[in-house]
Amino acid sequence: MSSHAAPIQRLVTELSKLPGIGNRTAQRLAFYILRSSDEDAMALADAIREVKERIGLCEICFNLAEGPRCRICEDERRDPALICVVEEPSDVIPIERMHEFRGRYHVLGGALSPIDGVDADDLRIAELFRRLAAPDCIVREVVLATNPTTTGEATALHIADGLRERAPEVAVTRLASGLPVGSDLEYADEVTLGRAFAGRRAV
Ligand SMILES: [Zn+2]
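Residues numbered from 1 in each chain as written. Predicted model: local features only at pLDDT ≥ 70, side-chain atom pairs only at ≥ 80, totals over all residues. Heavy atoms only, no water.

> Quick question: what am I supposed to make of the environment of Ile115 here?
With respect to the element layout, Ile115 can be found in the loop between strand 4 (103-107) and helix 6 (125-133). C-alpha of Ile115 to C-alpha of Ile93: the two residues are 22 residues apart in sequence and 28 Å apart in space. (Helix = DSSP H or I, 4+ residues; strand = E, 2+ residues; numbered from the N terminus.)

> Looking at this structure, I do not really get a nonpolar patch on the surface. What am I missing?
A surface patch of nonpolar side chains, about 320 Å² in accessible area, is lined by Val51, Ile55, Leu57 and Leu64. What makes Ile55 partly exposed here is its relative accessible area of 34%. (Patch = residues over 30% accessible without salt bridge, like charges linked within 9 Å, V, L, I, M, F, W, Y side chains within 5 Å. Areas by Shrake-Rupley, 256 points an atom, 1.4 Å probe, with all protein chains shown as cover. Salt bridge = Lys/Arg side-chain N within 4 Å of Asp/Glu carboxyl O. Buried < 20%, exposed > 50% of the residue type's maximum accessible area, 1.4 Å probe, protein only.)

> What is the right way to look at the coordination of the zinc ion in this model?
In ideal tetrahedral geometry, four donors around a metal make angles of 109.5 degrees, whereas ideal octahedral geometry with six donors gives angles of 90 or 180 degrees. Taken together, the protein ligands of the zinc ion are Cys58 (SG), Cys61 (SG), Cys70 (SG) and Cys73 (SG), with distances of 2.2 to 2.4 Å. If you look at the zinc ion, its 4 donor atoms make angles of 102 to 118° with each other, and the shape they trace is tetrahedral. Spacing between the donor residues of the zinc ion along the chain follows C-x2-C-x8-C-x2-C. No difference in accessibility class separates Cys70 from Cys73, as the two residues are buried. (Donors = N, O, S within 2.8 Å, 3.2 Å for Na, K, Ca; no water. Tetrahedral: all angles 85-135°; square planar, octahedral: opposite > 155°, others 65-115°.)

> Quick question: what am I supposed to make of the environment of Leu157 here?
The residue Leu157 is located in helix 7 (residues 150-166) in this model. For Leu157 and Pro89, which are 68 residues apart along the polypeptide, the C-alpha to C-alpha distance reads 20 Å.

> I keep staring at the nonpolar core and nothing clicks. Help me out?
Soluble globular proteins: nonpolar side chains tend toward being buried together. The biggest cluster of nonpolar side chains holds 25 residues, and the ones touching the most others in it are Ile95 and Leu175. Breaking this core down by element, the ones donating at least two residues are helix 4 (71-74), strand 3 (79-86), helix 5 (89-97), strand 4 and helix 8 (190-198). Apart from residues lying up to four places away in sequence, Ile95 is in contact with Cys84, Val86, Phe101, Tyr105, Ala145, Leu185, Leu193 and Phe197. If you look at the next biggest cluster of nonpolar residues, it comprises 19 residues, including Val85, Val139, Ala156 and Ala167. (Core = buried A, V, L, I, M, F, W, Y, C linked by side-chain atoms within 4.5 Å. Contact = heavy atoms within 4.5 Å.)

> Can you help me understand helix 7 in this one?
What sets the pattern is the α-helix's 3.6 residues per turn: residues three or four places apart point alike. Here helix 7 is 17 residues long and its end C-alpha atoms lie 24 Å apart, about the 24 Å a rise of 1.5 Å per residue gives. Where helix 7 is concerned, the buried positions are Gly152, Thr155, Ala156, Ile159, Ala160, Gly162 and Leu163. Along the axis of helix 7, the buried residues cluster in a sector spanning 165°; they form a single face. Opposite the buried face of helix 7, at more than 90 degrees from it, the exposed residues are Thr150, Leu157 and Glu165. Where helix 7 is buried, its residues meet strand 3, helix 6, strand 5 (141-144) and strand 6 (171-174). (Expected span 1.5 Å × (residues − 1). Arc of directions from axis to C-beta.)

Any functional reading would require information that these geometric values do not contain.
Structure representation (structure tokens):
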């Protein structure tokens, strides 16, 4: 049984659901929040509420967006002929940080993993094919930037096969090796990622 008052225990329980936050850290954070000013604590609560209320997915690329389209899809200077396919919205961040990719994105919402019950229908693969089949589509190249993991590789192969069939005129490339195998794009540094992008190869 917890020795905390129920509202404190509730906060500890919610905080401990966050990734990398164990029970002890959750307690420390809860006590930190209790000690902080009403203003700071409410600002945190409001920020969480606001992000859930106002942020959705872009209707074109499924990146995070405030409103129907994300800032990248809205940006006329971004090359619409180049699409980079990633697993999660968080993968867009390291690629943007590299400042070398000037195209658009397509966020799949995960990777193929039959063991976990994730198959092609659970990802936004059909939406990618639809994007490429649009009559006004001018895409020249699709860069498959799924993670260098078993599931990421399987996803890249699946999409590459689909694209060869549906859009043979579009070049399909995969990031060069050099990214730490088995790790997530999210944790790659800019230099490594930049090299992987520059050295991308046809698949
Ligand atoms: Zn978008």
